[in-house]
Amino acid sequence: MDFSSNGKYLATCADDRTIRIWSTKDFLQREHRSMRANVELDHATLVRFSPDCRAFIVWLANGDTLRVFKMTKREDGGYTFTATPEDFPKKHKAPVIDIGIANTGKFIMTASSDTTVLIWSLKGQVLSTINTNQMNNTHAAVSPCGRFVASCGFTPDVKVWEVCFGKKGEFQEVVRAFELKGHSAAVHSFAFSNDSRRMASVSKDGTWKLWDTDVEYKKKQDPYLLKTGRFEEAAGAAPCRLALSPNAQVLALASGSSIHLYNTRRGEKEECFERVHGECIANLSFDITGRFLASCGDRAVRLFHNTPGHRAMVEEMQGHLKRASNESTRQRLQQQLTQAQETLKSLGALKK
């Protein structure tokens, strides 16, 4: 599944040969309407919105290739979905595990379970082939800022590359940027914060880590480790999924069919949702506001209120209030604090 960058839609794909586009403004309603796009003679395993939210790309299970769907708004407010005439050429030699589009609209990334990550133009030409040298890839992603591509796998690090373009927008090269080093076993997964200045990772060593990646790597500056937390479930055989809230204050970890939420500043577990799905959780994602966490794993998408996020906001505002010097700042902070407390109260999650 994937949230659109304008925050209006959630796209989901399943084995039933459909992609469904859900409106996020219906999330708190009883009825959840969706618009359906059909995948002819195949089904999609991965879906990503384009940055302008006027198209989406899918990975086809049988076709082993990328297909682009254009979204055209109709007069009645709905959308017509049209697949472009030609799919991307087949280039991967192993199953594809992740896809992504840079928010700059300059490239598409596909990663397979061997050690290959491909960088494509939007027209379907391969611009660069990256060998991750990680024995196998378990996860890959494009950073929200659109500059970086990262991958993790059998080795205990997360590798990050910069995809470089010239002043006129022409592709130049892919260069190694930095690595997240500190785990002692294979890394299951990782994620970026919304401003790409923080990253989180989870490893088979039974820990998660939060990193400050806002570094001048061209001057050989390494990312800073901000926090390490325990997550024993990651040491087991089940695959782990990870999502980081847009502001990096909350980390969601899924193992099997359960979800655990951590406060990243304190490193403490705040919530645990057990047996959320009938099967292993396949995907975990916060919406762009950080108010909701979505998970999928069987035939349904489950939505959760991000209560640890509201609690983190309360703690942050209380801290700012103590240090605020002028009255207008104090009033603004008090307003935000009251709002966060009201939200927690309405969710029945205000801790005494």
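Model, not experiment: these values are computed from the prediction.

### Some remarks on the nonpolar core
Thought 1: Membership of the largest hydrophobic core comes to 17 residues, with the highest contact counts inside it found for Ile19, Ile21, Val47, Phe49, Phe56, Val58 and Phe81.
Thought 2: Counting only elements with at least two residues in this core, the list comes to strand 2 (9–13), strand 3 (18–23), strand 5 (44–49), strand 6 (55–60), strand 7 (65–73) and strand 8 (79–83).
Thought 3: Excluding anything up to four places from it in sequence, Ile21 contacts Tyr9, Leu10, Ala11, Arg33, Ser34, Met35, Phe49, Phe56 and Phe81.

### Details of the pattern of salt bridges
Thought 1: On inspection of all chains with the given rule, the structure shows 18 salt bridges.
Thought 2: For the salt bridge of Glu179 with Arg176, the shortest nitrogen-to-oxygen distance reads 2.0 Å.
Thought 3: Its relative accessible area of 17% is what places Glu179 among the buried residues.
Thought 4: Taking the shortest distance from any N to any O, the salt bridge between Lys181 and Glu179 comes out at 3.0 Å.
Thought 5: If you follow the salt bridges from partner to partner, you end up with Arg265, Arg266, Glu268, Glu270, Glu271, Arg311 and Glu315 in one network.

### Some points on the UniProt feature "coiled-coil region" (unreviewed entry) in the protein chain
Thought 1: The UniProt record annotates "coiled-coil region" (unreviewed entry) at residues 323–350.
Thought 2: Measuring from the first to the last C-alpha atom of residues 323–350 gives 24 Å, for a span that is 75% helix and 0% strand.

### Thoughts on helix 1 (residues 307–323)
Residue pairs three or four apart in sequence face the same way in an α-helix, which turns once every 3.6 residues.
Thought 1: If you check helix 1, its first and last C-alpha atoms are 25 Å apart, about what 17 residues at 1.5 Å a residue would give, namely 24 Å.
Thought 2: Where helix 1 is buried, its residues contact strand 22 (250–255), strand 23 (258–263), strand 24 (268–273), strand 27 (301–305) and helix 2 (327–346).
Thought 3: The residue sitting at the N-terminus of helix 1 and contributing the capping side-chain oxygen is Asn306; that oxygen lies 3.0 Å from the backbone nitrogen of Gly309.

### Observations regarding the UniProt feature "repeat: WD" (unreviewed entry) in the protein chain
Thought 1: Here the UniProt-annotated "repeat: WD" (unreviewed entry) positions come out as residues 1–23, 89–123 and 180–212.
Thought 2: Helix makes up 0% of residues 89–123 and strand 46%, and the two end C-alpha atoms of the span are 10 Å apart.

### Points about the packing of helix 1 against helix 2
Thought 1: Helix 2 packs onto helix 1 with a crossing angle of 155° between their chain directions and a minimal axis gap of 9 Å. In terms of axis orientation, helix 1 runs roughly antiparallel to helix 2. The handedness of the crossing between helix 1 and helix 2 is left-handed. Facing helix 1, whose interface residues are Thr307, His310, Arg311, Met313, Val314, Met317, Gln318, His320 and Leu321, helix 2 presents Arg330, Leu333, Gln334, Gln336, Leu337, Ala340, Gln341, Thr343 and Leu344.
Thought 2: Grouping the amino acids of the contact of helix 1 with helix 2 by side-chain chemistry returns eight nonpolar, eight polar and two charged.

### Some points on the sheet that holds strand 22
Thought 1: In space, the four strands of this open sheet follow the order 21-22-23-24, with antiparallel pairing throughout. The open sheet terminates on both sides in strands that have one partner only, identified here as strand 21 (240–244) and strand 24. On average, adjacent strands in this sheet sit at an angle of 20° to one another, irrespective of strand direction.
Thought 2: Sheet topology places strand 21 next to strand 22; five bridges connect them, and they run antiparallel. In the strand pairing of strand 22, Arg241 is matched with Ala254.
Thought 3: The strands touched by helix 1 within the sheet are strand 22, strand 23 and strand 24, with strand 24 carrying the most contacts at an inclination of about 155°.

### A few points about the sheet that holds strand 14 (residues 148–153)
Thought 1: Pairing is antiparallel in the open sheet, where four strands are placed in the order 13-14-15-16. The open sheet terminates on both sides in strands that have one partner only, identified here as strand 13 (137–142) and strand 16 (171–181). Strand-to-strand twist in this sheet, taken as the mean axis angle between neighbours without regard to direction, amounts to 20°.
Thought 2: Across five bridges, strand 14 lies against strand 15 (residues 157–165) in antiparallel orientation. The residue of strand 15 that forms the bridge with Val149 is Trp161.

### Observations concerning the pairing of strand 26 (residues 292–296)
Thought 1: Among the five residues that make up strand 26, five are buried, leaving the element largely enclosed by the rest of the structure.
Thought 2: In strand 26, alternate side chains face the same way, and those of Phe292, Ala294 and Cys296 on one face and Leu293 and Ser295 on the other are all buried.
Thought 3: Examined bridge by bridge, strand 25 (residues 283–286) and strand 26 share four bridges and lie antiparallel to one another. Bridged to Phe286 within strand 26 is Leu293.

Calculation notes
- Residues numbered from 1 in each chain as written.
- Predicted model: local features only at pLDDT ≥ 70, side-chain atom pairs only at ≥ 80, totals over all residues.
- Heavy atoms only, no water.
- Core = buried A, V, L, I, M, F, W, Y, C linked by side-chain atoms within 4.5 Å.
- Buried < 20%, exposed > 50% of the residue type's maximum accessible area, 1.4 Å probe, protein only.
- Helix = DSSP H or I, 4+ residues; strand = E, 2+ residues; numbered from the N terminus.
- Contact = heavy atoms within 4.5 Å.
- Salt bridge = Lys/Arg side-chain N within 4 Å of Asp/Glu carboxyl O.
- UniProt positions renumbered as here; feature names shortened; annotations may be inferred.
- Expected span 1.5 Å × (residues − 1).
- Polar contact = N/O pair within 3.5 Å; in protein donor to acceptor, adjacent residues only side chain to side chain.
- Axes fitted to C-alpha atoms, helices over the stretch in contact; angles between N-to-C directions.
- Parallel < 35°, antiparallel > 145°, perpendicular 65-115°, else oblique.
- Left-handed = near helix turned anticlockwise from the far one by under 90°.
- Nonpolar A, V, L, I, M, F, W, Y, C, P; charged D, E, K, R; others polar.
- Pairing = 2+ DSSP bridges.

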